[in-house]
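# Descriptive analysis of the structure
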Amino acid sequence: MLLRLHLIRYIAANIVRIPAAGLWMNSRRRYILACVTLCLALVGVEPYAAAQAATADSPHQSNQVAHPSNAQLADPKIEARVEHLLRQMTLEEKIGQLVQYNDTGNASAAQTSGTPPAEDKPGAMDTLNPVSANHVNAMQLAATGRLGSMLNTVGAERTNTYQHLAVDQSRLHIPLLFGADVIHGYRTIYPVPLGLAASFDPELVVAVSRMAAEEASSAGVRWFYSPMVDISRDPRWGRSVEGAGEDPYLGAAMARAYIRGYQGDDLSKPGHVAASVKHFAAYGAAEAGREYNTTDMSEITLRQVYLPPYHAAVEAGAATIMSAFNSINGVPSSANPFLLSKILRGEWGFNGFVVSDYTAVMELTHHGIALDPATATRKAITSGVDVDMMSHYYDTQLPELIRTGRISMNVVDEAVRRVLRVKFATGLFEHPYAEGVEVTAAVAGHRPLARKAAEESFVLLQNDKLTDGAPLLPLSPLRKRVALIGPLADNAEVMTGVWSGVGQDRDIITLRQALAERAQQLGGTLLYAKGTEINDPSQAGFPEAIQVAQASDVVILALGELSSMSGEGGSRASLDLPGNQQQLLEAVVATGKPVVLLIFSGRPLVLNWAAKHIPSIMEAWFPGTEAGHALANILYGDVSPSGKLPMSFPRAVGQEPLYYNQLPTGRPPTGIDLSKPPVGDSRFVSRYIDLPNSALFPFGYGLSYSSFSYRDVKASKTSIPLSQALANRSTPLLEATATVTNTGEHTATEVVQCYVRNLGASIEQPVRSLKGFERVTLLPGESKQISFPLGFNELSFFNLESSPTIEASHYTVWIGSSSLASQEASFVVVSPTPDGDSR
Ligand code: BGC
């Protein structure tokens, strides 16, 4: 019964949770979650058992780590202020700092600016406000020091209203921290993170993140639930769109860039925000690409593939981390001492605070590792989850847990210290309110960066020569009549992608708008037909589309996914173009007109048919506010495409998870034509009988309007003593170099990539791994030598004892324009072994 009451309360909370300011697109999936939970409650899932036997606190790492990850948080002046404040706090006030809720959802500023409503008094808000439906009133809590932070409460008026309650009315005047899912822009929307990763341009990501922080902090938001640094090797997982794709090296570079952009060199400076790195850990490895699903992997894979981006973010000083929904090797991440205490705080010296993902503490009961809220709470907080986002557990359970001695006050104190440190470091006590001019409209000055970011994110997948010997792109102005066809040609909403801050459709430049401007400038004509909807079987729009195509000199087809088909709760079992877009594509191609295909998607799609029949294909992701202008600039050749794929594009969904840096097999299909069914022994290798193993478009791949050649790939040393390799962990051991030449006719940017393979060590290593990249802009005919320093970080691997190490072994280095780079050099790490074998 208790369970049912509890669940029904939770359901009520979720069903009515309609976030403020149109910031989130989550209400639908939360509605579904709530309904599922309701069903469980109604069919009578096991009642909560009596509290589990009391246990002593599990080891809780102290914040006083030897090498704190964020020096600002370790400042003794801050420490003194934290201790001074902590000494004055009651248990209720301490717990308050560990509690996070969203806002009242429907309260107007007039309603909220006055006295907080009386506790437990039912009112209009109770029906609409998930928090009060949970018998919690966020305003009341703020005014009485029982709320530490808020999520997705944005806007200067709204945040200031809450802040006044906390600062003016609560006994100790501790300000609230306002967090929000600003992941690729606040009002100005940049490409989705997967698109930003395709730029291979960390400096761009720094700039974009800084702008987002400036805009959002003007609205009172001082904390971003970003970056999402989960490695994703399986595009069925919808949240691939929120991260940097499949590669740990690229993922780590992007993670560092976001932290630099958000936090700068000082968390307290105006326009800087605290980051929350998510979702710790390995959420991207959800089995079968299914959202919220379990992950299970070896510790070596965890450390070598999945952890590096989180580690990089922590090393860069990330102030907070979000614990993930998923379990890993049987232990939920939000109650996982191995992840949160041993690795995060113990090994990495993380001295910020950990916030749970949304209701993740409550979900520990669904994971089956806690039979009741008290146990879930105890397990979460003693594992290292400091702040409870929305579970309504810490505030309801901690008082009794402390009273009965099931956890000690020390555990609570430690968590409170961590939260207060961030509040002091961000300067919240000095500047609690949104100050300055709030960004409430599109910022003209930020558009050029949004355009540049989008231009860099596009990946040209194919640009075959036509019969006249020239490729279709860049478009010739002589093709005067341009047919623009497709459900994404004029769709502002989809251009902003998922978690699009407070971005507004009216700010978006669609492709149709931008191409109409071009047509006017060039004296051409733009013909337009929508053709079909993204997810609708009707072919009613096909005849018009075909007519428009027939009347044109060139067709631009804008197809892909709705933005809601990726992101949270956006897992797909198919990677095909949704709806009847494939049929539209085939019908348009059948007109015989030359076609440029633009794909908008939050993940790699299967594009086999298109790759066979369409000369020019470009992946555009969801490009943001300046979508149309950026696309027009690329299509007409003002800028040459330079993006490279951060995830492999498969030939079939059945290949997933498909990633370039796979481990070797004992039966590699070397020298076998995998496009043909096996004959005889060609069967008994690691292969499919019906498809090649390889990606259709692999990681790191992307074309330009120019072409590049590589020569002189060299390693500066051919042999390195093992003792030297192990002794020196901070400076490079050697350099790999190559000369790249622009052999085409356009000034263009190439992303030069360096891959490494290690052979002969005690643990098998990937067939190749990215260990360096650099964007280089070259004039036609121009050459440049590029060097990649290789040191312990690039050459080491994790051994069975979970330690990074280097062994006497061989290394091959490739430098080139994708993960298929073929020009190589090699070197060895040598050690005289006892039997005299010097490898
Ligand atoms: C998501 C997080 C997000 C949080 C707050 C969760 O459902 O998994 O990524 O930061 O909600 O909105």
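This report concerns the structure included in the present document.

Parameters and conventions
Residues numbered from 1 in each chain as written. Predicted model: local features only at pLDDT ≥ 70, side-chain atom pairs only at ≥ 80, totals over all residues. Heavy atoms only, no water. Helix = DSSP H or I, 4+ residues; strand = E, 2+ residues; numbered from the N terminus. Buried < 20%, exposed > 50% of the residue type's maximum accessible area, 1.4 Å probe, protein only. Areas by Shrake-Rupley, 256 points an atom, 1.4 Å probe, with all protein chains shown as cover. Salt bridge = Lys/Arg side-chain N within 4 Å of Asp/Glu carboxyl O. Pairing = 2+ DSSP bridges. Axes fitted to C-alpha atoms, helices over the stretch in contact; angles between N-to-C directions. Contact = heavy atoms within 4.5 Å. Polar contact = N/O pair within 3.5 Å; in protein donor to acceptor, adjacent residues only side chain to side chain. Phe/Tyr/Trp six-rings, centres within 6.5 Å; stacked < 30°, edge-to-face > 60°. Near = heavy atom within 4 Å.

Okay, the overall build of the chain next. Helix and strand counts for the chain stand at 27 helices and 26 strands. Taking all 839 residues of the chain together, 61% fall into the buried category. When the accessible surface of the chain is totalled, it reaches about 30,300 Å², and 54% of it is carbon and sulfur.

Right, let's talk about the pattern of salt bridges for a bit. Taken as a whole and judged by the stated rule, the model has 34 salt bridges. Residue Arg81 pairs with Glu430 through a salt bridge whose shortest N-O separation is 2.9 Å. Of the two residues, Arg81 sits in helix α3 (residues 76–88) while Glu430 sits in the loop between α18 (409–425) and α19 (447–457), which places them 349 residues apart along the sequence. Assessed through its relative accessible area of 42%, Glu430 is described here as partly exposed. Note that Glu93 is salt-bridged to Arg171, the shortest N-O span being 2.7 Å.

Among the eight residues that make up strand β25 (residues 809–816), seven are buried, leaving the element largely enclosed by the rest of the structure. As defined by bridge partners, β25 adjoins strand β26 (residues 824–830) across six bridges and the pair is classed as antiparallel. Bridged to Val813 within β26 is Ala825.

Turning next to the sheet that holds strand β22 (residues 783–790). The three strands lie next to each other as β17-β19-β22, forming an open sheet whose pairing is antiparallel. Two strands lie at the open edges of the sheet, namely β17 (708–715) and β22, each paired on one side alone. Direction aside, the axes of adjacent strands within the sheet are offset by 20 degrees on average. Where β17 lies against strand β19 (residues 734–742), six bridges are found, and the strand directions are antiparallel. Bridged to Ala715 within β19 is Ala736.

On to the sheet that holds strand β15 (residues 595–600), then. With mixed pairing, the six strands of this open sheet are ordered in space as β11-β16-β15-β14-β12-β13. The outermost strands of the open sheet, each flanked by one partner alone, are β11 (459–463) and β13 (525–529). Averaged over all adjacent pairs, the angle separating strand axes in this sheet is 15 degrees, with direction ignored. Across four bridges, the pairing between β15 and strand β16 (residues 616–619) is parallel. Note on β16: the bridge partner recorded for Val596 is Ser616. Strands in contact with helix α21 (residues 511–522) are β12 (481–485), β13, β14 (554–560) and β15; relative to β13, the strand with the most contacts, it is inclined by about 155 degrees.

Okay, the side chain of Thr382 next. With respect to the element layout, Thr382 can be found in helix α16 (residues 373–383). Separated by 2.6 Å, the side chain of Thr382 and the backbone oxygen of Arg378 make a polar contact.

Under the defined criterion, the tally for this structure stands at 19 aromatic pairs. Look at Trp621 and Phe649: their rings are 6.2 Å apart centre to centre, the planes differ by 75 degrees, and that puts the pair in the edge-to-face class. With Trp621 in the loop between β16 and α25 (627–635) and Phe649 in the loop between α25 and β17, this pair connects stretches of sequence that are 28 residues apart. Its relative accessible area of 0% is what places Phe649 among the buried residues. Look at Phe697 and Tyr701: their rings are 5.6 Å apart centre to centre, the planes differ by 20 degrees, and that puts the pair in the stacked class. There is no split in this pair, since Phe697 and Tyr701 are both buried.

Neighbouring the ligand are 16 residues; Asp181, Arg239, His279, Asp357 and Glu568 lie closest to it. Take Asp357: an N or O atom from its side chain is 2.6 Å from an oxygen atom of the ligand. Between the ligand and the protein, one listed contact pairs an oxygen atom with a side-chain N or O atom of Glu568 at 2.9 Å. Considering the ligand on its own, with 310 Å² of exposed area, one finds that the protein chains cover 100% of that surface. Those elements that place two or more of their residues in the shell around the ligand are α2 (27–43) and β5 (274–280).

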